[in-house]
Amino acid sequence: MISSEPDLRFPCRRSYDRDGNKITQTRGVLLQTGLKWAETVLNKSCLSLIQKYLKLCSRDRLHCYCLCLSTGKRDNMFPKGTKRKFSDSGEEPAVSGDEPAPAAAPSAAVRALTSAYSLQRQSLLDMSLIKLQLCHMLVEPNLCRSVLIANTVRQIQEEMTQDGTWQIMTQALAAAQCPTDRLVATEVLCRQTDAAAQAGQSPKPFSVVGLEEGYHAEEVVMEGDVETEVTMSTLSPVSPQLSSASYLAGTFGMGPCWEEDEDDDGECEEDEEEDSEECVSEGEEGDRDHLSADSRTGEQVFGTFEIKHPAPPPDPALEELFSDVDPSYYDLDTVLTGMQSAPKMGPYDLLESLSSHGPTALSSSSSCRSDLNELDHIMEIIVGS
Amino acid sequence: MAGAGGGTSDVQWCFSQVKGAIDDDVAEADIISTVEFNHSGELLATGDKGGRVVIFQQEPESKNQPQCRGEYNVYSTFQSHEPEFDYLKSLEIEEKINKIRWLPQNAAQFLLSTNDKTIKLWKISERDKRPEGYNLKEEDGRYRDLNTVTTLRVPIFRPMDLMVEASPRRVFANAHTYHINSISVNSDCETYLSADDLRINLWNLEITDRSFNIVDIKPANMEELTEVITAAEFHPNQCNTFVYSSSKGTIRLCDMRASALCDKHAKQFEEPEDPNNRSFFSEIISSISDVKFSHSGRYMMTRDYLSVKIWDLNMESRPVETYQVHEYLRSKLCSLYENDCIFDKFECCWNGNDSVVMTGSYNNFFRMFDRVYRQDVTLEASRENSKPRSVLKPRKVSTGGKRKKDEISVDSLDFNKKILHTAWHPLDNIIAVATTNNLYIFQEKLN
């Protein structure tokens, strides 16, 4: 039986890991595991609901506690903004300060990857990518802000490319063997290198182990305020033995699966055509040649601002698979129609009303509610297993 | 008193008035989004997120209290912009008033107000007389029975209670794809510019269906977009000159006589980056949020996230003066990036004779920098200091470990209480400071 059921009304819920240790799971974790399960069973309806769920999660009030290394020391991040050299990065313990330093890193680069600076840089990259994705559903996003965030991402990418850590990270992602995350963040990263894509899927032991550990030993520092705990799904693994590659995989829930890239883009198009204009970083409209070596961050970010590119030709096999699902049903506008009475609801409010089991639950569409109940049920099963 | 900013540099500021709701529960529509004095300083206009414009008028100085300048009371309130929906893009267009600019004074008052997409010209006129004695109508407006009309008379004007009307005279729409961030009236009083993220348009105040595009920085390929326009303003005296600032910390001065499209700037003002302070946030904090010419037209002031810079228009290589607004935030940039505060757009303003500049900060603090005496002061706009004519006490933020009494530590600052909009009376030492939903008016202490 399920020892403790996840209650999605409450963002933070005690449950237990395999060793019987108490861990705190957030809605983000639950959603991530749900996402994985849904993709595994190719349950598209469930999947798109989770995607909407994730999108509605805290937008401008993004609390990147869950992005930060799961410690309490977020104030240490970039204290002076000075760049540390790699020479002293190896001696630095992990930012957490609680976890032991990496026991044995295979190479200097990997050691550098686990240094405090690079972990900080990584989390900044994650934070920026998340910010680019979370956007107003109803109002056009702020172009200036998006440009500045995209430039920051580009800057980090350039630096990581110079360090050589970028290559390692994308290779590890390729090896992660996880279903592709629809979040554009990974798509953005995917498109950087073709070498990694074609390099094959030789699994690297440390990353696989890291992932497993990551999902079970996560501990996220949350503020006491319940409101702020409804956050994005990404969480970082505690163990610093992970390379930043697997860290990234853990952060986004899953690494890319290269051969599924096309499919996922197609899926994305289907159910997110309506709101692709709103979402800053939908990447489908962009250049589909993801083998290009050039950084294509800007394309995902700014493609939507001007021309809405036509949807890519759908994969016939995929079409057949999902022919029974009506994508327009999960159009965000449809979902939100029932809540037009309060058009200025913030994303948190929207999330709460969607997730609430009380009388304020989504009333416009009962099937939507039943899907949410189904989702909750699925979550319970997942977490219990 | 001609706005002597800091004659003896011992200017003391007193609380004068506060406008807006008292309770802490802030309705989103009441959030003030712009503040602007008119050219005489008699009128003070505010715009809010709900699309409303509220205009305050200064009472004439009373003979009883010659030491106290007149108070500002509500003169007119009207709904300038309504929320709209762009059906083509399935996006809402916010009705929030981004900027208000007064036109130079005529018989009636004119102002331009803009939201993200549409600029409107409003005429604010007074009516204090009404016609009486119509032949065909009764006083209450009903039509008279013609049989009862036996004589003819000429209607005459009789005084009535003052009524202030605001009527939209022009609507300048459909010219901007991106969000309008600035409007600026030209010194020729015939044209004005409107700037969005990527383009600047030149309008004639009389013509609403056409505008000239004078700056376009949109790249052919949107993937290559790395810089946006953040603010623009016409020169106060030279009607052919304007400047625009960018998110990369550059200011470009353009001369409209050179060519129709001013993509090639006449001057570019940019300060080289300090390599010691380089970080991933360097670009973000260098993004200029506001640019204002001095009244003389010799200087211009820019506001980026941490500082205010004064530029001499004749020197492009670096600013002539730099003032740190809240340098103690430099070590907190990551947290501020996390909670999006790093993207806050602070405005700045000059006093009447260009000797003092002012800008806002967090925790409802605002800062003034005296350029002549090289002094600065931090003041707070809060309800605690709202006793009439109570002198504002300078505030201090402690940066070191040891916190003195009355100082506030950086970690105790409330980043939700930000002062983004401030305005200085063009002639006197009266300032209007907008907190989230309140407007504070402070005056110089007169003895």
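Residue positions are counted from 1 within each chain, in the order its sequence is given. Throughout, the order in which chains and ligands are written sets their labels, letters from A for the former and numbers from 1 for the latter. Given that the model is predicted, a residue must reach a pLDDT of at least 70 before its local features are reported, and side-chain atom pairs must reach 80 or more before they are shown or counted; all residues, however, enter totals for whole chains, interfaces and linings. For the side-chain quantities, the full set of heavy atoms in the structure was used; hydrogens and water were omitted.

1. Description of the overall build of chain A
Here a strand is any run of E in DSSP of at least two residues, a helix any run of H or I of at least four, and the numbering for each starts at the N terminus. When helices and strands are tallied, chain A shows 16 helices and two strands. To sort residues, take the accessible area from a 1.4 Å probe on protein chains only and compare it with the maximum for the residue type: under 20% means buried, over 50% means exposed, and anything in between is partly exposed. Classification of the 385 residues of chain A by burial places 59% in the buried group. Residue contacts are counted whenever heavy atoms from the two residues lie within 4.5 Å of one another. Put simply, 74% of the contacts in chain A that link residues at least 6 apart link residues at least 24 apart. Accessible surface, chain A as shown: approximately 15,000 Å² in total, 52% of it carbon and sulfur. Only the protein chains shown count as cover for residues, and all accessible areas are computed by the Shrake-Rupley method using a 1.4 Å probe.

2. What to know about the overall build of chain B
Secondary structure summary: chain B contains two helices and 32 strands in total. Residues classed as buried in chain B amount to 54% of the 447 residues present. Counted over contacts in chain B with a minimum sequence separation of 6, partners at least 24 positions apart contribute 55%. When the accessible surface of chain B is split by element, carbon and sulfur atoms take 48% of a total near 20,600 Å².

3. Side note on the packing of aromatic side chains
Only rings of Phe, Tyr and Trp enter the pairing, Trp through its six-membered ring, and a pair is recorded when the two centres are within 6.5 Å. The plane angle decides the type: under 30 degrees is stacked, over 60 is edge-to-face, the rest tilted. Per the stated rule, a full pass over the model turns up 20 aromatic pairs over all chains. Centroid distance B:Phe15 to B:Phe442: 6.2 Å. Interplanar angle 70 degrees. Geometry classified as edge-to-face. On the criterion of sequence distance, the pair formed by B:Phe15 in strand E1 (residues 13-19) and B:Phe442 in strand E32 (residues 439-444) is long-range, its members being 427 residues apart. According to the relative accessible area criterion, B:Phe442 is buried, its value standing at 1%. Taken together, the ring pairs connect B:Phe15, B:Phe366, B:Tyr440 and B:Phe442 into an aromatic cluster. Either the NZ atom of lysine or the CZ atom of arginine qualifies as a charge over a ring when it sits within 6 Å of the ring centre and within 35 degrees of the ring normal. Over the aromatic face of B:Tyr337 sits the side chain of A:Lys131, whose NZ or CZ is 5.4 Å from the ring centroid. In this structure, B:Lys137 packs its charged tip against the face of B:Tyr134, placed 5.1 Å from the ring centre.

4. A word on the confidence of the model for chain A
Residues and elements named next belong to chain A. Here pLDDT means the predictor's own confidence in every residue, given as a number from 0 to 100. When pLDDT is averaged across chain A, the result is 49; 16% of the residues are at 70 or more. Model confidence for chain A, summarised as mean pLDDT per element, is weakest for helix H9 (residues 205-216) at 32 and strongest for helix H5 (residues 143-163) at 92. Here residues 303-312 is modelled with pLDDT under 50, and outside its nearest four sequence neighbours on either side it reaches 26 contacts, counting other chains as well. The model gives residues 325-366 a pLDDT under 50, and that stretch makes 68 contacts with residues more than four places away or in other chains.

5. Notes on the sheet that holds strand E17 (residues 241-246) of chain B
Residue and element names in this part refer to chain B. Here, a strand pair is defined by DSSP locating no fewer than two bridges between the strands. Taking strand neighbours across the sheet as the criterion, the four strands line up as E16-E17-E18-E19 in an open arrangement whose pairing is antiparallel. In this open sheet, the two edge strands, each paired with only one partner strand, are strand E16 (229-234) and strand E19 (267-269). This sheet shows a mean twist of 20 degrees between the axes of neighbouring strands, independent of strand direction. Bridge analysis of strand E18 (residues 251-255) against E19 gives three bridges, and the strand direction is antiparallel. In the strand pairing of E19, Ile251 is matched with Phe269. Helix axes are fitted to C-alpha atoms over the stretch in contact, other axes to C-alpha atoms as well, and angles between N-to-C directions run from 0 to 180 degrees.

6. Quick notes on the environment of B:Gln58
Counting through the fold element by element, B:Gln58 comes out in strand E4 (residues 52-58). Taking the C-alpha atoms as reference points, B:Gln58 and B:Tyr72, separated by 14 residues in sequence, lie 4.2 Å from one another.

7. Describing the pairing of strand E21 (residues 299-303) of chain B
Residues and elements named next belong to chain B. Among the five residues of E21, five are classified as buried, and the element is accordingly described as predominantly covered. On E21, burial covers both faces: Tyr299, Met301 and Arg303 on one face and Met300 and Thr302 on the other are all buried. As paired strands, strand E20 (residues 290-293) and E21 are joined by four bridges and run antiparallel to one another. Looking across to E21, one finds that Asp290 is bridged to Arg303. Counting the residues between successive antiparallel strands, the hairpin from E20 to E21 contains five residues, one of them, Gly297, with a positive phi of roughly 90 degrees.

8. Examining unusual backbone geometry
Leaving glycine aside, a negative phi is the common case for residues, and trans is the common case for peptide bonds. Positive phi, normally seen in glycine, also occurs at B:Cys189, with a value near 60 degrees. Among the residues examined, B:Cys189 registers a relative accessible area of 40% and is labelled partly exposed.

9. What to know about the packing of helix H4 (residues 116-133) of chain A against H5(A)
Residue and element names in this part refer to chain A. It is the contact of H4 with H5, at a shortest axis distance of 9 Å, that shows an interaxial angle of 145 degrees. As H4 runs across H5, the sense of the crossing is left-handed. Listed contacts from H5 to Tyr117, Arg121, Gln122, Leu124, Leu125, Ser128, Leu129, Lys131 and Leu132 of H4 are Arg145, Ser146, Ile149, Ala150, Thr152, Val153, Ile156, Glu159, Met160 and Asp163. Its residues assigned to classes, the contact of H4 with H5 shows ten nonpolar, four polar and five charged. Each crossing gets its handedness from the near helix: less than a right angle anticlockwise from the far helix is left-handed, clockwise is right-handed. In this classification, Asp, Glu, Lys and Arg are treated as charged, Ala, Val, Leu, Ile, Met, Phe, Trp, Tyr, Cys and Pro as nonpolar, and every other residue, Gly included, as polar.

10. Side note on the environment of B:Leu198
Mapped onto the secondary structure, B:Leu198 falls in the loop between strand E13 (191-195) and strand E14 (199-204). A C-alpha to C-alpha distance of 8.5 Å links B:Leu198 and B:Glu227, two positions 29 residues apart in sequence. Discounting residues that sit within four places of it in the chain, B:Leu198 has contacts with A:Leu143, B:Tyr178, B:Val215, B:Asp216, B:Ile217, B:Lys218, B:Met222, B:Leu225, B:Glu227, B:Val228 and B:Ile229.

11. Re the sheet that holds strand E8 (residues 99-102) of chain B
Residue and element names in this part refer to chain B. Across the sheet, which stays open at both edges, the four strands sit in the order E8-E9-E10-E11 with antiparallel pairing between neighbours. Looking at strand neighbours, the two that pair on one side only are E8 and strand E11 (156-172), the edges of this open sheet. Sheet twist, expressed as the mean angle between neighbouring strand axes with direction ignored, is 25 degrees. When strand E10 (residues 119-132) meets E11, the two strands line up antiparallel, connected through 13 bridges. Residue Ile124 lies in a different strand from E11, and its bridge partner there is Ala166.

12. Focus: H4(A)
Expected span of a helix: the number of residues minus one, times 1.5 Å. For H4(A), which comprises 18 residues, the first-to-last C-alpha distance of 26 Å matches the rise-based estimate of 26 Å (1.5 Å per residue) to within 8%. Counting buried positions along H4(A) gives 18 out of 18 residues, so the element sits mostly inside the fold.

13. Focus: the nonpolar core
By convention a nonpolar core is built from buried Ala, Val, Leu, Ile, Met, Phe, Trp, Tyr and Cys residues, the set being connected through side-chain atoms within 4.5 Å. Counting residues in each nonpolar core, the largest one holds 45 residues, and the members touching the most others are B:Phe281, B:Tyr305, B:Leu329, B:Leu336, B:Tyr337, B:Ile342 and B:Leu413. In terms of residue count, the dominant contributor to this core is H5(A) (eight residues). Look past the residues within four positions of B:Tyr337 in its chain and what remains in contact with it is A:Leu124, A:Met127, A:Ser128, A:Lys131, A:Ile149, A:Thr152, B:Phe281, B:Ile284, B:Ile342 and B:Phe343. Core analysis: the second largest hydrophobic core is formed by 16 residues, B:Val356, B:Phe366, B:Leu379 and B:Trp424 among them.

14. Regarding the pattern of salt bridges
Close approach of charged atoms allows side chains of opposite charge to pair. Residue and element names in this part refer to chain B. Every case where a carboxyl oxygen of Asp or Glu lies within 4 Å of a side-chain nitrogen of Lys or Arg is listed as a salt bridge. Scanning the entire structure with this criterion turns up 32 salt bridges over all chains. We note a salt bridge from Asp48 to Arg52, for which the minimum N-O separation is 2.9 Å. For Arg52, a relative accessible area of 26% translates into the label partly exposed. One salt bridge in this structure joins Asp128 and Lys129, with 3.4 Å as the shortest N-O distance.

15. Here's the deal with H5(A)
Residues and elements named next belong to chain A. In this model H5 runs 30 Å from its N-terminal to its C-terminal C-alpha over 21 residues, within 8% of the 30 Å that 1.5 Å per residue would give. Counting buried positions over the 21 residues of H5 gives 17, a clear majority of the element. The residue sitting at the N-terminus of H5 and contributing the capping side-chain oxygen is Asn142; that oxygen lies 3.1 Å from the backbone nitrogen of Cys144. Gly164 lies just past H5 and shows a positive phi near 90 degrees. Counting of polar contacts relies on pairs of N or O atoms within 3.5 Å, with two restrictions inside protein: one atom must be capable of donating a hydrogen and the other of accepting it, and residues adjacent in sequence are counted only when both atoms are side-chain atoms.

16. Describing the state of the cysteines
Residue and element names in this part refer to chain B. Our working definition of a disulfide is a cysteine sulfur pair at a distance within 2.5 Å. Under the counting rule described, the total for this entry stands at zero disulfides over all chains. Summary of cysteine pairing: Cys239 is not part of a disulfide, and the nearest cysteine sulfur, belonging to Cys189, is at 10.0 Å. Among the residues examined, Cys239 registers a relative accessible area of 37% and is labelled partly exposed.

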